[in-house]
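A closer look at the structure
The primary structure of each chain is shown beneath.
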Amino acid sequence: MTAEVDRYQTGDDRSNDESRLIHVLSDWSVGDGPLYQQLAAAVRRGIDEGALPGGSTLPAERRLAGVLAVSRATVVSAYDQLRGEGLVESRRGSGTRIARTARANRRPGGDGRVPGGQSAQLFQRLIDGPGGILSLASAAGAADSIVPVALDEVMRHDLTEAMAEPGYQPHGLPRLREAIAGHLTRIGLASTPNEILVTSGAHQAIDLISELYLRPGSRVAVEAPGWPACYDVFRAAGATLVPIPIDQDGARPEALAKVLATQPIDLVYLMPTFHNPTGRLLSAARRRRIVELAAEYDVVVVADDALSGVSLGHDVPPPLPAFAAAAGDRPVTLIQLGSLSKSVWGGLRVGWTRATSDVISRLARRKALADLGSPIIDQLVAARIVPDLEALIERRVPERQAQLATIEALLAEHLPSWRWQTPHGGPSLWVELAGADAGTFAQIALRHGVEAIPGSSMDLTGAHDSYLRLPYCFPDEFLVEVVRRFVAAWTELNRHGPWEPRLRPVV
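Owing to the predicted nature of the structure, the values given are computational and were not obtained by experimental measurement. (Residues numbered from 1 in each chain as written. Predicted model: local features only at pLDDT ≥ 70, side-chain atom pairs only at ≥ 80, totals over all residues. Heavy atoms only, no water.)

**A look at the environment of A438**
Defined as follows: Starting at the N terminus, helices and strands are each numbered in turn, a helix being any DSSP run of H or I of at least four residues and a strand any DSSP run of E of at least two. Each residue gets one of three labels from its accessible area relative to the maximum for its type: buried under 20%, exposed over 50%, partly exposed in between, using a 1.4 Å probe on protein chains only. Should any heavy atoms of two residues lie within 4.5 Å, those residues are counted as being in contact.
Among the secondary structure elements, A438 is positioned in helix α17 (residues 438-447). Residue A438 is classed as buried on the basis of its relative accessible area of 0%. If we ignore the near neighbours within four places in the chain, the residues touching A438 are L433, P454, G455, D465, S466, Y467 and L468.

Written as structure tokens, this is what we have:
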């Protein structure tokens, strides 16, 4: 096994004082007034909301200044202001901490952030709204034109009959479950309606699976980089994350095999089709090998294909559970996830889980406790769309290709030192900023009115701190303006001198 794979086996200790504070600060520099006052206000807000509890450590002044791309005087002035208010305290040799007397101005129960979590910025933008910022936190475009057509058909043909029923369907609308089973069968995964659970997007499916399989102390193998919102769902269940490196063909089976052979793993979570954020595609051979490993080590594998609908025209292997025959006579638990959020519209909160009927029944009981079932009207609309989903995905390929060509041309012209691999699919580019810390760049970009997600939020190993996730599923004029502001931020960053890599704890 190579040293590179060994470097990934570092356990889930990505979080530190610095990274926690960055997530709490969020878009602290957007607004009017001196930067030190804005920084002090953001820390004060974190204390009020309970995200910065009394006694927690703040980064050293010089270190925080480097990460935020501001002068050390800005951080010193902010800390001085907070010290004068009795909110922070400093001691020689011990650094600066939130004062133990500082109290959150809230009810008990926390502020909703997952301890050590990495997705706070993603969700905070959804909560706060875009404001005056061009936000790249969400890689979701506008709704497909089929949505109002399907809604009109539902209103004219389906709604009266549906309203005669109570409206509670924990498993999902039978008509929609049948349509989803048909879609999966057509793309190579033979399925029946009793193997389908309808959820409010794939995110809820991940949450329900976590409730079923994870307990405090559980271990989940995840791709690195990966989607931080999923990381946080697993962390909230008390699980430890174990990173698996990926390459140009997706998750590396030999790295997964080493992890499974050396420590107990309760769940393997993968994004085989158009991995988020890299857009890579797991080959058929690797899918088959992963099924073999799942059977050999008796571990649950979740294949999240929520981005499979964002196609750029490449041939795609059948879903990972379609390779179940590779397990031979050995039992294996393979769970397939899907969603309409990226292929059709994020506002149509319809996703699904495909598994054995026994697993689906267990998940449905948890779904009933959560919400008694997804909204019926949404499911009726989805039931009109899913029978033609493959054709819809194919129809949108030229649109996706044109958006990708636009952003690649803009970057090549205006930011030629940035590097990336053209993705197989998915809505984002995974861009390497040559010789720069993407977290620091993201802080400067905020001051130029663009919000972007750096690699430090998407890889718990620290191996992709120089990367930036750049969604491209937006109109041309939006992308042009984003790149224009990026150029200004990049020019400003280059005035700060060379990047000094952050030290990472090794477990």
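**Quick look at helix α18 (residues 476-494)**
The line we're drawing: Residue count minus one, scaled by 1.5 Å, sets the expected span of a helix.
If you check α18, its first and last C-alpha atoms are 27 Å apart, about what 19 residues at 1.5 Å a residue would give, namely 27 Å. Burial in α18 covers these residues: L479, V482, V483, R485, F486, A489, W490, E492 and L493.

**A word on the pairing of strand β11 (residues 334-339)**
Rule in force here: Whether two strands pair depends on DSSP finding at least two bridges between them.
Burial within β11 is extensive, with six of its six residues counted as buried. Taking every second residue as pointing to the same face, both faces of β11 are buried, with L334, Q336 and G338 on one and I335, L337 and S339 on the other. Sheet topology note: the strand β10 (residues 300-304)/β11 ladder contains four bridges and is parallel. Note on β11: the bridge partner recorded for V302 is I335. Two strands pair when backbone bridges link them, and β11 and strand β12 (residues 351-354) are joined in this way by four bridges, in the antiparallel orientation. Of the residues in β12, the one forming a bridge with S339 is G351.

**Overview of the sheet that holds strand β15 (residues 453-454)**
Ordered in space as β13-β16-β15, the three strands form an open sheet in which the pairing is antiparallel. A strand with exactly one partner marks an edge of an open sheet, and here the two such strands are β13 (428-432) and β15. Bridge analysis of β15 against strand β16 (residues 467-471) gives two bridges, and the strand direction is antiparallel. From the neighbouring strand, I453 faces β16, where its bridge partner is R469.

**As for the packing of helix α4 (residues 61-68) against α17**
As a reminder of what qualifies: Here an angle of 0 to 180 degrees is reported between the N-to-C directions of two axes, which are lines fitted to C-alpha atoms, with helices fitted over the stretch in contact. These descriptions rest on fixed angle ranges, namely under 35 degrees for roughly parallel, over 145 for roughly antiparallel, 65 to 115 for roughly perpendicular, and the rest for oblique.
Where α4 meets α17, the axes come as close as 7 Å, and the angle between the chain directions of the two elements is 65°. With respect to α17, the element α4 is oriented roughly perpendicular. Residues G66, V67 and L68 of α4 form the contact with α17, whose participating residues are G439, T440, Q443 and R447.

**Regarding the side chain of T273**
What counts here: For this analysis, a polar contact is any N or O atom pair within 3.5 Å, provided that within protein one partner can donate a hydrogen and the other can accept it, and provided that sequence-adjacent residues contribute only side-chain to side-chain pairs.
For T273, the position within the fold is in the loop between β9 (267-270) and α12 (284-297). Within polar-contact distance, the side chain of T273 engages the side chain of R287 at 3.0 Å. For T273, the residues in contact, after removing those within four places along its chain, are R280, L281, R287, D305, L307, S308 and V316.

**Observations concerning the pattern of salt bridges**
Cut-off, in case you're wondering: Salt bridge criterion: a side-chain nitrogen from Lys or Arg within 4 Å of a carboxyl oxygen from Asp or Glu.
Summed over all chains, the structure comprises 22 salt bridges. In this structure, D144 and R396 form a salt bridge, with 3.4 Å as the shortest nitrogen-oxygen distance. In this pair, D144 sits in the loop between β4 (134-135) and α7 (146-163) while R396 sits in the loop between α15 (389-395) and α16 (397-414), placing the two residues 252 residues apart along the sequence. Of the two residues, D144 and R396, neither departs from the other in class, the shared state being buried. Across the pair R396 and E399 runs a salt bridge, and its minimum N-O distance is 3.1 Å. Residue R396 is classed as buried on the basis of its relative accessible area, which comes to 6%. The network of salt bridges with shared partners includes D144, R395, R396 and E399.

**Regarding the confidence of the model for the chain**
Applicable threshold: The quantity called pLDDT is the predictor's confidence in a given residue, expressed from 0 to 100.
Of all residues in the chain, 89% attain a pLDDT of 70 or more, and the chain-wide mean is 89. In the model, residues 1-15 has pLDDT below 50 throughout and makes 45 contacts with residues more than four positions away in sequence or in other chains. When the criterion is pLDDT under 50, residues 501-507 qualifies, and its contacts beyond four places in sequence or with other chains add up to 15 contacts.

**Thoughts on the packing of helix α11 (residues 253-262) against α12**
Definition in use: Throughout this entry, Asp, Glu, Lys and Arg are counted as charged residues, while Ala, Val, Leu, Ile, Met, Phe, Trp, Tyr, Cys and Pro are counted as nonpolar. The remaining residues, Gly among them, count as polar.
Direction vectors running N to C along α11 and α12 enclose 5°, while the axes themselves pass 10 Å from each other. Here α11 lies roughly parallel to α12, going by the angle between them. Residues P253, L256, A257, L260 and A261 of α11 form the contact with α12, whose own contacting residues are R286, R289, I290, L293 and Y297. A per-class count over the contact of α11 with α12 returns eight nonpolar, no polar and two charged.

**Re unusual backbone geometry**
Put simply, A224 and P225 share a cis peptide bond, and its omega is 5°. The topology assignment puts P225 in the loop between β6 (219-224) and α10 (228-236). The amide bond that connects N276 to the next residue, P277, takes the cis arrangement and shows omega of 20°. Along the polypeptide, P277 turns up in the loop between β9 and α12. One non-glycine residue with positive phi stands out, namely A69, at about 60°. Of note, A69 is situated in the loop between α4 and α5 (72-84). We note that F274 has phi near 65°; this positive angle belongs to a residue other than glycine. Within the element layout of this structure, F274 appears in the loop between β9 and α12. Overall, F274 belongs to the buried group, its relative accessible area being 1%.

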